[in-house]
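Listed below, chain by chain, are the residues.
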Amino acid sequence: TLLARHEYPTVIWGRNAEQVAAIDQRHENPRYLPGVPLTESLRATTDLAAAVASADLLLVVTPSHAFTETLHALAPHRRAHAGVAWATKGFEPGSGRFLHEVAEEILGPGVPLAVVTGPSFAKEVAQGLPTAVTVHSDDEQFAQTVANALHGPAFRAYTGNDMMGAELGGAMKNVLAVATGISDGMALGLNARAGLITRGLNEMLRLNVALGGRAETLMGLAGLGDLVLTCTGDLSRNRRLGLALGRGQSLGEAVAEIGQVVESVQTGDEVMRLGDRHGLELPISALVRAVLHEKITPREGLQRLLAREQKPEYPDGLFE
Ligand SMILES: NC(=O)C1=CN([C@@H]2O[C@H](COP(=O)(O)OP(=O)(O)OC[C@H]3O[C@@H](n4cnc5c(N)ncnc54)[C@H](O)[C@@H]3O)[C@@H](O)[C@H]2O)C=CC1
Ligand SMILES: O=C(CO)COP(=O)(O)O
């Protein structure tokens, strides 16, 4: 709806014929954005091949568990010049690969790729409320093309060239939002919330450094920005999952009640796998995963965090 509002002829593809018809004809998405009017020029279709074959730019917005199959499905219909961007946050489940690695493998060399990320609740974007995101690509011109399409009177799109850092921030903030949600669900207070956000950022930074990434990406919209939004904003599904767990609900009940994708359920495993591979301790992410897998209760998780040994805030060399 943002792209259509910016007068780009835009087609959204979906699998569900009823939802697609509602978007195309009534300019509403009753299942996911009830009551939010969509741009009238936005078209919707269930025909993926036709939608892709007519597009100069592709923006993938499926959940991470559907990213690989969606790229396989669109690849044969892609126009040779059409670059591929995505707003999906997470890793490929099972392999733990970054999504740009998946895209490179499926689409082959020479296809412009970009990550769109940052603090952006879909509902607020659809409502036209001011939002800032960042678009990262190895191809500077493509990052600019995608950013130009998104940028408008109430939507700022910055650019960068660190796809790995941008993806890491977007994926990890979902796991860390569960931690602050749990803390708030247990009524542990505002000090605890701020401590968790900041030490969570430290986990992002340390993993990013271990992967050879650049700290500045995570100090910007892709990291800190999205971390603050998702850890504090009740529109976040990941935060709401944490709130429910902190109040004593089970994972199954909480996910069913939310009724939308909650990326942290998958991403927690992949973050820990990455951390283990690099010999890193990521205590907050580890506890979130343990609570999500119902191996420990939120209260046990809290006790474990508070019992950790005292240490310097920044181990030597974090930013070197
Ligand atoms: N909702 C938000 O505010 C934001 C979401 N994201 C990311 O965007 C991705 C999608 O999230 P949402 O749209 O919010 O999730 P959602 O749960 O609201 O909607 C998921 C959509 O994907 C479709 N879908 C699921 N599996 C599919 C498959 N195999 N093939 C095709 N379509 C499939 C569903 O039918 C549904 O339309 C996630 O990675 C999320 O982290 C990123 C920024 C903001
Ligand atoms: O990524 C998001 C906002 O930037 C949406 O967060 P949730 O998936 O937690 O709702």
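Note that the structure is predicted; figures quoted are calculated from it, not measured.

> Help me out: how do you make sense of the UniProt feature "active site" (unreviewed entry) in the protein in this one?
Cross-referencing UniProt, the feature "active site" (unreviewed entry) maps to Lys 173 in the present numbering. The residue Lys 173 is located in helix H8 (residues 163-185) in this model. Given the relative accessible area of 6%, Lys 173 is considered buried. Each residue touching Lys 173, except ones within four places of it in the same chain, is listed here: Lys 89, Met 204, Asp 226, Leu 227 and Thr 230.

> What should I look at first to understand the site of ligand 2 in this one?
What surrounds ligand 2 is a group of 14 residues, the closest being Lys 173, Asp 226, Ser 236, Arg 237 and Asn 238. Here an oxygen atom of ligand 2 and a backbone polar atom of Gly 118 are 3.2 Å apart. The contact in question runs from an oxygen atom of ligand 2 to an N or O atom on the side chain of Asp 226, over 2.7 Å. Its free accessible area being 310 Å², ligand 2 has 93% of it covered by the protein chains. Elements represented by at least two residues in the shell around ligand 2 include exactly H8, helix H11 (221-232) and helix H12 (237-246).

> Looking at this model, I keep getting lost on the site of ligand 1. Mind explaining?
Every one of the 19 residues lining ligand 1 counts as a neighbour, but Lys 89, Ala 122, Gln 260, Val 261 and Glu 263 are closest to it. A distance of 3.0 Å is found between an oxygen atom of ligand 1 and a side-chain nitrogen or oxygen belonging to Arg 237. Here an oxygen atom of ligand 1 and a backbone polar atom of Val 261 are 2.8 Å apart.

> Help me understand the pattern of salt bridges in this model?
Pairing is possible between side chains that carry opposite charge, provided their charged atoms lie close to one another. The full count for this structure, using the stated rule, is 13 salt bridges. The residue Asp 24 makes a salt bridge to Arg 43 at a minimum N-O spacing of 3.0 Å. Residue Asp 24 is found in helix H2 (residues 17-26), and its partner Arg 43 is found in strand S2 (residues 43-45); the two are separated by 19 residues along the sequence. Here Asp 24 falls in the buried class, since its relative accessible area comes to 17%. A salt bridge links Arg 79 to Asp 56; its shortest N-O distance comes to 2.7 Å. With Arg 79 in the loop between helix H4 (67-74) and strand S4 (83-86) and Asp 56 in the loop between helix H3 (48-53) and strand S3 (57-60), this pair connects stretches of sequence that are 23 residues apart. Within this structure, Asp 184, Arg 193, Asp 234 and Arg 239 form a network of salt bridges that share partners.

> I keep staring at the nonpolar core and nothing clicks. Help me out?
One recurring pattern in soluble globular proteins is that nonpolar side chains are buried together. By size, the foremost hydrophobic cluster in this structure holds 41 residues, and its most contacted members are Leu 168, Leu 207, Leu 241 and Leu 245. Secondary structure elements with two or more residues in this core: H8, helix H9 (190-210), H11, H12, helix H13 (251-258), helix H14 (264-277) and helix H15 (283-292). Sequence-distant contacts of Leu 207, that is, excluding residues within four places in its chain, are made with Leu 168, Met 172, Val 271, Leu 274, Gly 275, Leu 280 and Leu 282. Formed by 22 residues, the second largest nonpolar core is a distinct cluster that contains Leu 48, Leu 99, Val 115 and Met 163.

> When you look at the packing of aromatic side chains in this model, what are you seeing that I'm missing?
The geometry of an aromatic ring pair comes down to the distance between the two centres and the angle between the two planes. Summed over the entire model, instances satisfying the criterion amount to 2 aromatic pairs. A ring pair is formed by Phe 91 and Phe 98, whose centres lie 5.1 Å apart and whose planes are at 85 degrees; its orientation type is edge-to-face. A residue is classified by how much of its surface remains accessible, and Phe 91, at 2% relative accessible area, is buried. We classify Phe 98 as buried; its relative accessible area is 6%. For Arg 31, the ring lying beneath its charged end belongs to Tyr 32, and the centroid distance is 4.4 Å.

> Would you mind going over a nonpolar patch on the surface with me for this structure?
Taken together, the side chains of Met 219, Leu 224 and Val 228 define a hydrophobic patch exposed on the protein surface, amounting to about 220 Å² of accessible area. By secondary structure assignment, the location of Val 228 is in helix H11.

> Can you help me understand the domain arrangement of the protein in this one?
By a widespread convention, an interface's size corresponds to the accessible area lost as its parts come together. Looking at the protein, the domain boundaries give domain 1 (2-161) and domain 2 (164-306). For domain 1 and domain 2, the distance between their C-alpha centres works out to 25 Å. Of the residues lining the interface, 31 residues belong to domain 1; the matching set on domain 2 comes to 30 residues. The largest per-residue losses of area from domain 1 upon contact with domain 2 belong to Phe 91, Phe 98 and Phe 121, which jointly make up 29% of the total buried on that side.

> Would you explain the sheet that holds strand S7 (residues 155-160) in this entry?
Strand-to-strand pairing in sheets goes through backbone hydrogen bonds, with the strands running parallel or antiparallel. Pairing within the open sheet is mixed, and its 5 strands lie in the order S3-S4-S5-S6-S7. For this open sheet the edge positions go to S3 and S7, each flanked by a neighbour on one side alone. Strand-to-strand twist across the sheet, computed as the mean angle between neighbouring axes with direction ignored, equals 25 degrees. Along the sheet face, H4 touches S3 and S4 and points at about 155 degrees away from the line of S3. Its contacts with the sheet put helix H7 (residues 140-150) on S3, S4, strand S5 (113-117), strand S6 (131-136) and S7, and the angle it makes with S7 is roughly 175 degrees.

> Help me understand the packing of helix H5 (residues 99-107) against H8, please; the structure alone is not making it clear to me.
To describe two helices that pack against each other, one gives the angle between their axes and the distance between the axes. At a minimum axis separation of 9 Å, H5 and H8 run at an interaxial angle of 125 degrees. Classified by the interaxial angle, the pair formed by H5 and H8 is oblique. Only Met 163, Met 164 and Glu 167 of H8 make contact with H5, whose side of the interface consists of Leu 99, His 100 and Glu 104. For the contact of H5 with H8, the per-class residue count stands at 3 nonpolar, 1 polar and 2 charged.

Here is what the cut-offs are and how they apply
Numbering of residues starts from 1 in every chain and runs along the sequence as written. To label them, take the chains in the order written and letter them from A, then take the ligands in the order written and number them from 1. Local features in a predicted model are, by the rule used here, given only for residues with pLDDT of at least 70; side-chain atom pairs are given and counted only at 80 or more, and totals for whole chains, interfaces and linings are based on all residues. Only hydrogens and water are removed before side-chain values are computed, so all heavy atoms of the structure are retained for them. UniProt positions are given in the numbering used here, feature names are shortened, and annotations may be inferred rather than shown by experiment. By the criteria applied, helices consist of DSSP H or I runs no shorter than four residues and strands consist of E runs no shorter than two, each listed in order from the N terminus. Think of it in three bands: residues with accessible area under 20% of the maximum for their type are buried, residues over 50% are exposed, and the middle band is partly exposed, with areas taken using a 1.4 Å probe on protein chains only. Contacts are assigned to residue pairs with any non-hydrogen atoms lying within 4.5 Å of each other. To be near a molecule or strand, a residue needs just one of its heavy atoms within 4 Å of it. Polar contact is defined as a pair of N or O atoms within 3.5 Å, subject to the rule that within protein one atom must be able to donate a hydrogen and the other to accept it, and that residues adjacent in sequence are counted only when both atoms are side-chain atoms. Using a 1.4 Å probe, the Shrake-Rupley method yields the accessible areas, and only the shown protein chains count as cover for residues. Any Lys or Arg side-chain nitrogen located within 4 Å of an Asp or Glu carboxyl oxygen qualifies as a salt bridge. Remark: nonpolar core denotes a set of buried residues (Ala, Val, Leu, Ile, Met, Phe, Trp, Tyr, Cys) joined through side-chain atoms within 4.5 Å. Two aromatic rings, drawn from Phe, Tyr or Trp (for Trp, its six-membered ring), form a pair once their centres lie within 6.5 Å of each other, and the interplanar angle then sorts them: stacked below 30 degrees, edge-to-face above 60, tilted otherwise. Comment: the charge-over-ring label is applied if NZ (Lys) or CZ (Arg) is within 6 Å of the ring centre and within 35 degrees of the ring normal. Candidate patch residues must exceed 30% relative accessible area and have no salt bridge, after which like charges are joined if within 9 Å and Val, Leu, Ile, Met, Phe, Trp or Tyr side chains if within 5 Å. Throughout the structure description, domain borders are defined by an automatic or database domain assignment. We define buried area as the total accessible area lost by two parts upon association, computed with a 1.4 Å probe and summed across both. Strands were regarded as paired on the criterion that DSSP finds at least two bridges between them. Orientation is described by axes fitted as lines to C-alpha atoms, over the contacting stretch for helices, and by angles from 0 to 180 degrees between their N-to-C directions. An angle counts as roughly parallel when it lies under 35 degrees, as roughly antiparallel when it exceeds 145, as roughly perpendicular when it falls between 65 and 115, and as oblique in every other case. Basically, the charged four are Asp, Glu, Lys and Arg, the nonpolar ten are Ala, Val, Leu, Ile, Met, Phe, Trp, Tyr, Cys and Pro, and anything else, Gly included, counts as polar.

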